[in-house]
Amino acid sequence: PRIFKTHAYYNECKFLSEEKNCKIILVYRDPKDVVCSLFDNANKKLDLQRGEDELQNVARQFFEGRNVSRSEGGPADWLDLNEGYMRNPFNYNILYIKYEDLKAKTGETISRINEFLGYPALSKKEQDELVDATSFDKMKLTHSQLEGSNVAKVGKHKGRLSKESITGLNQRIMELIGKVDNSHLNLSSYIYQ
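Since the model is a prediction, treat every value here as computed from it, not as a measurement.

## Topic: the pattern of salt bridges
Across all of its chains, the model carries 11 salt bridges by this definition. The closest approach of N and O atoms between Glu175 and Arg172, which form a salt bridge, is 3.4 Å. Residue Glu175 and its partner Arg172 are both found in helix H8 (residues 163-179); the two are separated by 3 residues, about one turn of the helix. Connected through salt bridges with shared partners, the residues Asp40, Lys156 and Arg160 form a single ionic network.

Here it is in structure tokens:
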């Protein structure tokens, strides 16, 4: 089996339709936390000293669909990036995972991934071993590119984004909900002040 990790748009993955048994795992995250992570990672990667006031400008660009991070390897527009996978017009076999669930229910989520990939059920011991082996601290020990990286925190935006930024991001989430079947995605959980 081949595994690709990507920030590619859905329509950039058309080659997958030719692959028999292709499976996609989409991990999606609260866009409020995404914008804070993009801001923090760009500051660190580019050695910028932008303050929290600049975060509001980045958030505005983000909710207006003008995210400039595509050149840095990230998505150009959160809504467009996620919409394709969530609409899934080519009917790919996709497992949808909320990042927040991955963090809160790691063992359960690992079991869902395991089942989706067609592997035998995990014992509690195997599940616990996988949770430990895939922890950010453990992975930093074996993956030098993670050195100095920050773990993506759930709720990272709290106390950082202005009410205007949160309102704008909530509007983007509502746009996405209007375009996709939200019954299995629970995107509405991301709409709050």
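Now that the structure has been shown, the text picks up again.
## As for helix H3 (residues 78-87)
Taking burial as the measure, the 10 residues of H3 include 8 buried ones, the bulk of the element. Of the positions making up H3, those classed as buried are Trp78, Leu79, Leu81, Asn82, Glu83, Gly84, Tyr85 and Met86. Turning to H3, the residues buried within the fold contact strand E1 (23-28), helix H1 (31-45), helix H2 (52-63), strand E2 (93-98) and H8. One or two residues past the end of H3 sits Asn88, with phi positive at roughly 55°.

## Some points on the pairing of E1
Burial along E1 is one-sided: the face carrying Ile24, Leu26 and Tyr28 is buried and the face carrying Lys23, Ile25 and Val27 is not. Direction of pairing for E1 relative to E2: parallel, over a ladder of 6 bridges. Counted as the bridge partner of Lys23 is Asn93 from E2.

## Let's talk about the packing of H3 against H8
Two numbers describe how H3 lies on H8: the axes approach to 10 Å, and their chain directions differ by 25°. Considering their axes alone, H3 and H8 lie roughly parallel with respect to each other. For the element pair H3 and H8, the recorded crossing hand is right-handed. Judged by residue contacts, Trp78, Leu79, Asn82, Glu83, Met86 and Arg87 of H3 engage Arg172, Ile173, Glu175, Leu176 and Lys179 from H8. In the contact of H3 with H8, the residues fall into 5 nonpolar, 1 polar and 5 charged.

## What about unusual backbone geometry?
Even without being glycine, Asn91 reaches a positive phi, approximately 55°. Following the sequence through the fold, Asn91 ends up in the loop between H3 and E2. With a relative accessible area of 65%, Asn91 lands in the exposed category. The backbone of Asn186 shows a phi angle near 55°, a positive value even though the residue is not glycine. Looking at the element boundaries, Asn186 is found in the segment after H8.

Cut-off values and rules
- Residues numbered from 1 in each chain as written.
- Predicted model: local features only at pLDDT ≥ 70, side-chain atom pairs only at ≥ 80, totals over all residues.
- Heavy atoms only, no water.
- Salt bridge = Lys/Arg side-chain N within 4 Å of Asp/Glu carboxyl O.
- Helix = DSSP H or I, 4+ residues; strand = E, 2+ residues; numbered from the N terminus.
- Buried < 20%, exposed > 50% of the residue type's maximum accessible area, 1.4 Å probe, protein only.
- Contact = heavy atoms within 4.5 Å.
- Pairing = 2+ DSSP bridges.
- Axes fitted to C-alpha atoms, helices over the stretch in contact; angles between N-to-C directions.
- Parallel < 35°, antiparallel > 145°, perpendicular 65-115°, else oblique.
- Left-handed = near helix turned anticlockwise from the far one by under 90°.
- Nonpolar A, V, L, I, M, F, W, Y, C, P; charged D, E, K, R; others polar.

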